[in-house]
Amino acid sequence: LQLVESGGGLVQPGGSLRLSCSDSGDTLDYYTIGWFRQAPGKEREGVSCLSASDGSTSYVDSVKDRFTISRDNAKKTVYLQMNNLKPEDTAIYFCAADSHFPPACFLTAQAYDYWGQGTQVTVSS
């Protein structure tokens, strides 16, 4: 599995971006997918995840009601729609895949086997 993120960029506060996570070969249907971010000088933080087993989702409190994770199996892509972006959302965003088909998803990096290279999101005026 080789994950590739796209959709990052520079956006003003209050703006929106949609990040994509895809794999050129395998479908992502059977993988639980997580989005993580890492800002300069800070630890990697779990942002959101989507369970492959029951479709449940989880969000870190700071992005609830602003970010939405979704999956398009036909396109082998998982999205992170980010609205009302704030300067504190600035970070490199990574997607990750958990191949163990857990009953739910977790925002802990150790649960994930595969990682993309990341895409930069900068929120600034």
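In what follows, the structure referred to is the one given above.
The structure contained in this document is the topic of the report that follows. (Residues numbered from 1 in each chain as written. Predicted model: local features only at pLDDT ≥ 70, side-chain atom pairs only at ≥ 80, totals over all residues. Heavy atoms only, no water.)

1. Here's the deal with the nonpolar core
Here is the rule we go by: We call a set of buried residues a nonpolar core when its members are Ala, Val, Leu, Ile, Met, Phe, Trp, Tyr or Cys and they connect through side-chain atoms within 4.5 Å of each other. We call a residue buried when its accessible area falls under 20% of the maximum for its residue type, exposed when it is over 50%, and partly exposed in between, using a 1.4 Å probe and counting protein chains only. To qualify as a helix, a DSSP run of H or I must reach at least 4 residues; to qualify as a strand, a run of E must reach at least 2; elements of each kind are numbered from the N terminus. Throughout, a contact is declared for two residues whenever any of their heavy atoms are within 4.5 Å.
Trp35, Phe67, Leu80, Met82 and Tyr93 are the most contacted members of the largest nonpolar core, which totals 27 residues. Elements that contribute at least two residues to this core include exactly β3 (17-23), β4 (32-38), β5 (45-50), β7 (67-72), β8 (77-82), β9 (91-98) and β11 (119-123). Among the elements that take part in this core, β9 stands out by supplying 4 residues, more than any other. Apart from residues lying up to four places away in sequence, Tyr93 is in contact with Glu5, Leu19, Trp35, Phe36, Arg37, Val47, Phe67, Leu80, Met82, Gly118, Thr119 and Val121. Counting residues in each nonpolar core, the second largest holds 5 residues, with Phe36, Cys49, Ala96 and Cys105 among its members.

2. A short note on the sheet that holds β8
Test applied: Note on pairing: two strands pair once DSSP finds at least 2 bridges between them. Fitted lines through C-alpha atoms give the axes, limited to the stretch in contact for helices. The angle between two N-to-C directions lies from 0 to 180 degrees.
In space, the 4 strands of this open sheet follow the order β1-β3-β8-β7, with antiparallel pairing throughout. Unpaired on one side and paired on the other, β1 (3-6) and β7 mark the two borders of the sheet. Each strand axis lies, on average, 15° off the axis of its neighbour in the sheet, ignoring direction. The sheet contact formed by β3 and β8 spans 6 bridges and is antiparallel. Residue pairing in the sheet places Leu19 in a bridge with Leu80 of β8.

3. What about the pairing of β1?
Of the two faces of β1, only the one carrying Leu3 and Glu5 is buried; Val4 and Ser6 on the other face are not. When β1 meets β3, the two strands line up antiparallel, connected through 4 bridges. When the sheet's bridge partners are listed, Val4 is paired in β3 with Ser22.

4. Regarding the state of the cysteines
Cut-off, in case you're wondering: Criterion for a disulfide: a pair of cysteine sulfur atoms at a distance within 2.5 Å.
Tallied over the full model, the rule gives 2 disulfides. Between the sulfur atoms of Cys21 and its disulfide mate Cys95 the distance is 2.1 Å. The chirality of the disulfide connecting Cys21 with Cys95 is right-handed, given an S-S dihedral of about 70°. With Cys21 in strand β3 and Cys95 in strand β9, the pair connects residues that are 74 residues apart, well separated along the chain. There is no split in this pair, since Cys21 and Cys95 are both buried. Linked covalently through their sulfurs, Cys49 and Cys105 form a disulfide whose S-S length is 2.2 Å. Sign of the S-S torsion, about 70° for the bond between Cys49 and Cys105, identifies this disulfide as right-handed. You can see Cys49 sitting in strand β5 and its partner Cys105 sitting in the loop between β9 and β10 (114-115), a full 56 residues away along the chain. Each of the two residues, Cys49 as well as Cys105, counts as buried. When the bonded cysteines of the protein are counted from the start of the sequence, the pairing works out to 1-3, 2-4.

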